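# Examining the three-dimensional arrangement
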Amino acid sequence: MTIYDKWAATYNAEVGDEAQEYVAPILVAQYALKSCNNSTKGAVAILDAGCGTGLVGQALSLAGAKVIDGLDLSSPMLAVAKQTGVYRNLGQADLTRRIGKPDETYDIVTCVGTFTLGHVGPDPALREFVRVTRTNGIVAATILDEIWVSGGFKAEVERLRAESLVKVVAEELIDYVKGHGDKAVLVILEKIDGGSTPSSDGS
Ligand SMILES: C[S@@+](CC[C@H](N)C(=O)[O-])C[C@H]1O[C@@H](n2cnc3c(N)ncnc32)[C@H](O)[C@@H]1O
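Figured I'd write up the structure that's included with this text. (Residues numbered from 1 in each chain as written. Predicted model: local features only at pLDDT ≥ 70, side-chain atom pairs only at ≥ 80, totals over all residues. Heavy atoms only, no water.)

## A word on the overall build of the protein chain
Helix and strand content of the protein chain: seven helices and seven strands. N-terminal to C-terminal, the α/β element order of the protein chain is α-α-β-α-β-α-β-β-α-β-α-α-β-β. A sequence separation of at least 24 residues applies to 69% of the contacts in the protein chain between residues at least 6 apart. Counting every atom, the protein chain has about 9,200 Å² of accessible surface; 50% of that belongs to carbon and sulfur. The distance from the centre of the 19 positive side-chain charges to the centre of the 26 negative ones in the protein chain is 5 Å. (Helix = DSSP H or I, 4+ residues; strand = E, 2+ residues; numbered from the N terminus. Contact = heavy atoms within 4.5 Å. Areas by Shrake-Rupley, 256 points an atom, 1.4 Å probe, with all protein chains shown as cover. Lys, Arg positive; Asp, Glu negative; His and termini not counted. Charge placed at Lys NZ, Arg CZ, Asp CG, Glu CD.)

Okay, structure coming up:
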């Protein structure tokens with residue numbers, strides 16, 4: 001968090017704007033909206049988990065989304081996200097814990113760049129994303145390729161599928177930072193009808 005707190009002021013210049021190399025936010029925003037069953041883009045309620053400075057929110061907004069909430073652990077990153085003006089609500093939250101939102105709140109949950117080395121693990125985050133997603137809604141997340149298997153993400157997605165909580169719509173290797181050879185697995189999960197998702201604390 002110390003790194004992100006200090007990085008907030010220059011993050012966009014270094015990561016977002018520089019030659020448009022960090023392509024994951026735009027790719028995920030487009031995939032998520034395309035995969036969503038709610039065809040009225042402006043009415044789709046979206047949670048951007050690990051929103052950082054708001055690059056994903058901006059990409060979603062450009063693509064027509066209007067109801068976007070963001071969560072992140074770093075207050076300075078959230079302060080930059082607020083300046084984008086695209087988020088309805090922003091809040092500080094630790095994604096390694098239960099998310100303080102009711103079940104079935106969002107049509108889409110996005111999580112880009114936050115499932116990476118030393119950040120947030122698969123459990124309980126993925127299950128929590130599914131819990132706060134509406135039935136037939138979409139969870140769209142990137143997971144750095146080098147931790148997809150070793151970090152337990154692939155196994156957790158398989159568990160959610162085996163429990164009939166989600167259908168795996170896509171599991172695709174994408175460019176994360178173009179030209180740097182960095183790859184991420186883009187996972188699109190659709191919450192299945194009737195899949196009530198007990199949170200990690202059993203409630
Ligand atoms: C690489 S940035 C990605 C930000 C944004 N999604 C993007 O694509 O530009 C990772 C973000 O994860 C956040 N983060 C790291 N650990 C977290 C945690 N436990 N809970 C919530 N956010 C966390 C950081 O503060 C940072 O904003």
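## Quick word on the pattern of salt bridges
Applying the stated criterion across every chain yields a total of twelve salt bridges. One salt bridge in this structure joins R88 and D69, with 2.8 Å as the shortest N-O distance. One end of the pair, R88, is in the loop between helix 4 (75-84) and strand 3 (89-92); the other, D69, is in strand 2 (residues 67-72), and 19 residues separate them in sequence. Between E163 and R127 there is a salt bridge, with the nearest N and O atoms lying 2.9 Å from each other. One end of the pair, E163, is in the loop between helix 7 (153-162) and strand 6 (166-177); the other, R127, is in helix 5 (residues 125-132), with 36 residues separating them in the sequence. For R127, a relative accessible area of 12% translates into the label buried. A cluster of three or more residues bridged by salt bridges with shared partners is formed by R127, E156, R159 and E163. (Salt bridge = Lys/Arg side-chain N within 4 Å of Asp/Glu carboxyl O. Buried < 20%, exposed > 50% of the residue type's maximum accessible area, 1.4 Å probe, protein only.)

## As for the side chain of T142
Within the secondary structure, T142 is located in strand 5 (residues 133-144). Looking at T142, its side chain comes within polar contact range of the main-chain nitrogen of G113, at 3.0 Å. In contact with T142, not counting residues within four places along its chain, are A24, V28, C111, V112, G113, F115, I174, Y176, A184, V185 and L186. (Polar contact = N/O pair within 3.5 Å; in protein donor to acceptor, adjacent residues only side chain to side chain.)

## Points about unusual backbone geometry
Leave glycine aside and you will find that most residues have negative phi; peptide bonds, for their part, are mostly trans. Along the chain, D123 connects to P124 via a cis peptide bond; the corresponding omega equals 15°. One can find P124 in the loop between strand 4 (106-115) and helix 5. The backbone of N136 sits at a positive phi, close to 75°, despite the residue not being glycine. Locating N136 in the fold gives a position in strand 5. Using a relative accessible area of 34% as the deciding quantity, one classes N136 as partly exposed. A positive phi angle, near 60°, is found at S164, a position not held by glycine. Within the fold, S164 resides in the loop between helix 7 and strand 6.

What is shown is where atoms sit, not what they do.
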